[in-house]
Amino acid sequence: MAKELWKGNEAVAEAAIRAGCRFFFGYPITPQNEIPEYFSRHLPEHGGCFLQAESEIAAINMTYGAAGSGVRVMTSSSSPGISLKQEGITYIAGAELPVVIVNMMRGGPGLGNIAPSQSDYFQATRGGGNGDYRTVVLAPSTIQEAADLTQEAFDIADVYRIPVLVLADGLIGQMMEAIEWRSPKPRSLPPKDWATDGSRGKRGHNVVNSLYIETEDCTALNRKLQQKHELITKNEIRYEEFMTRDAEVLFVSYGTTARVAHAAVLKLRKDGVKAGLFRPITLWPFPEAALRACAQQTNVKAVVTAEMSMGQMLDDVKIAVNGAKPVRFVGTGGGTIPTPAELMDEAQKAIEEVWNHGRRIPALQRAN
Amino acid sequence: MAVVYRRSKGLTDAQTHYCPGCTHGVAHKLVAEAMEELDIIGTTVGIAPVGCSVFAYDYFACDMQEAAHGRAPAVATGIKRAHPDLAVFTYQGDGDLAAIGTAEIVHAAMRGEKITTIFINNAIYGMTGGQMAPTTLVGQTATTAPLGRQQEHYGSPIRMAELLSTLDGCVYAERVTLTDVPNILKAKKAIKKAFELQLSGAGFTFVEILSTCPTNWGLTPLDAIGWLKEHMIPYFPLGVYADRMEERRHDA
């Protein structure tokens, strides 16, 4: 199929429509406005409904209601708006509803700015709402991947009855790239026999709820969720390795920063430094075992975590590497995208620290 | 033997947790009877709030969703937009609807969302143990207003039926009470009319029910009814505040 040029935000919205999503509830916030705008133009053509809510809080609760009544539904926002949605997300997790949420991250904290950022990693992977719950977190690094993962997010949500977060940033949202439309591998989806779509005298009344007032019932729910999380961890982990087989310096990066790390790896290789990249695609479940195995290769001397935050995924990388190799960090906060040179510089420091014989990277020597 | 009274099919067999003398039970019964008489139990989804009626999902026989505090109108919107053929109602207390959920109810009414809201106004937070509500009367004591609600500190209580009636999307808003049989019959009529207007696609419909909370008011059930008549009705007058379909018929 021919490639088409798509803007990230519009590709995400179109991907959702292709996945059968017919309902969208949202509230304007930059840099994700093209998502609701696209839905407002195109959902009516498909017999669906776009509704601009009075707040992010209302939008996520409309999403809860629609998901509870059995339809494919989505909401999207950017960082401060996603903070407002946390109440709804924990209710969705507690009521075990399939929902897709997109976060085109921007700089924070507070109102921050509208530039690309990855500083909502903790919120996404640890859960910004109350209680023991998880959301599946998918982190695309290209527009192609944003389109693919958004489509698949609906299947994952339906299979496990869990909120799925597509975690990208303003760069992925605003950039245009050539993509190819393709469908995810078909999955067998369970019937939504729990949905509140009218009993019509054919069954008892269905209840969508996250209240379990008896402690043994709430404990049982937590155990059930835990089992579900373990199953997802077993089945859904995704990552990509680039030039890791002989890598001495191993970058770990996701999303936009992985693109920068990819460039840094190629430049370092040109300069004779064996660099590689481990790119988590699912941030939860985090590819812990795979990263550990990759970092434990004898050729790997140091790990460099690079992200557009002041060190959030770093925690997961340290847990995975578990002290086997030194873990360094290079990151930027507040909406700045790091350059390949900054990553190369950190790789050089890692090499100097580990080998301690002042081996220089030729490109940087020339620059000096 | 002739059956003169039976439990509505709109209710489950569950025993409610409501306190003796609380009017939630009567309000539930009226909603259930309206659904049964309109033959919509199988095509209705109700939204339970956070508050005393949080367990309403166990009591109504139709499909139910439990919403986060104040968000019932948003949850109802999601369901109704996905399933326009279903009847959707929210059942909310005064803290849920008139404090934490004010934005959601005002905007659902503004959009003319084709849902029905049953608003239980008992001038107090019941479930959490008697704290001040936005509808607590000036001078009325509450656990967070031990000297009584002070107007200079908290302002005057909010009148939701009047407020929502100013919005064009709110096609029907009536305030009723459950203090005696004639008023219970009026309340039933209002609830049924609200559902009928929703089913006809007219717009947002709202029935405010002045209710008692003997437990947190510290009164016997009978004295609570007396207190409601004496103090609540003068500030929250009963009556129809919006009936836009009637006005349209009249204009035509």
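The numbering scheme is per chain: residues are counted from 1 as the chain's sequence reads. Chains carry letters and ligands carry numbers; both start at the beginning, A for chains and 1 for ligands, and go up in the order they are written. Thresholds applied to this predicted model are a pLDDT of at least 70 for local features of residues and 80 or more for the giving and counting of side-chain atom pairs; totals over whole chains, interfaces and linings are not thresholded and use all residues.

1. Focus on the interface of chain B and chain A
Any pair of residues counts as being in contact when their C-beta atoms, constructed from backbone geometry, are within 7 Å of one another. Tallying the contact residues gives 27 residues for chain B and 34 residues for chain A. A run of DSSP states H or I qualifies as a helix once it reaches four residues; a run of E qualifies as a strand once it reaches two. Both are numbered from the N-terminal end. Contributing elements (two or more residues each) for the side of chain B that touches chain A: β2 (63–66), α3 (72–82) and α5 (102–110) of chain B. Of the residues forming the side of chain B that touches chain A, the biggest block, 8 residues, is contributed by α3(B). For this classification, Asp, Glu, Lys and Arg are treated as charged, while Ala, Val, Leu, Ile, Met, Phe, Trp, Tyr, Cys and Pro are nonpolar and the rest, including Gly, are polar. Tallied by class, the residues present in the side of chain B that touches chain A amount to 15 nonpolar, 7 polar and 5 charged. Two strands make a pair as long as DSSP finds a minimum of two bridges between them. Direction of pairing for strand β9 (residues 207–208) of chain A relative to β2(B): parallel, over a ladder of 2 bridges. Paired with A:Val208 across the two strands is B:Gln65, which belongs to β2(B).

2. As for the sheet that holds strand β2 (residues 23–26) of chain A
All names here are of chain A. One open sheet holds the 7 strands; their spatial order is β3-β2-β4-β5-β7-β6-β13, and the pairing between them is mixed. Edge positions in the open sheet fall to β3 (49–52) and β13 (282–284), since each of these has one partner strand only. On average, each strand axis in the sheet is tilted by 20 degrees relative to the strand beside it, whichever way the strands run. Taken together, the 4 bridges between β2 and β3 define a ladder with parallel strand orientation. Of the residues in β3, the one forming a bridge with Phe 23 is Cys 49. The convention used is that axes are lines fitted to C-alpha atoms, helices contributing only their stretch in contact, and that angles between N-to-C directions extend from 0 to 180 degrees.

3. Brief notes about the domain arrangement of chain A
All names here are of chain A. For the purposes of this description, domain bounds are those given by an automatic or database domain assignment. The domains assigned to chain A are domain 1 (4–235) and domain 2 (240–367). Between the C-alpha centres of domain 1 and domain 2 the distance comes to 30 Å. Each side of the interface is counted separately: domain 1 has 28 residues, and domain 2 has 22 residues. Mapped onto the side of domain 1 that touches domain 2, the elements with two or more residues apiece are α5 (121–127), β6 (136–138), β7 (163–169), α7 (170–174) and α8 (215–235). When residues in the side of domain 1 that touches domain 2 are grouped by element, the largest group, 4 residues, is from α5. When grouped by side-chain class, the residues that make up the side of domain 1 that touches domain 2 number 15 nonpolar, 10 polar and 3 charged.

4. Details of the environment of A:Ala59
All names here are of chain A. Following the sequence through the fold, Ala 59 ends up in helix α3 (residues 56–68). In sequence terms Ala 59 and Arg 203 are 144 residues apart; their C-alpha atoms lie 30 Å from each other. If sequence neighbours within four positions are ignored, Ala 59 has contacts with Phe 25, Gly 26, Tyr 27, Ala 53 and Thr 75.

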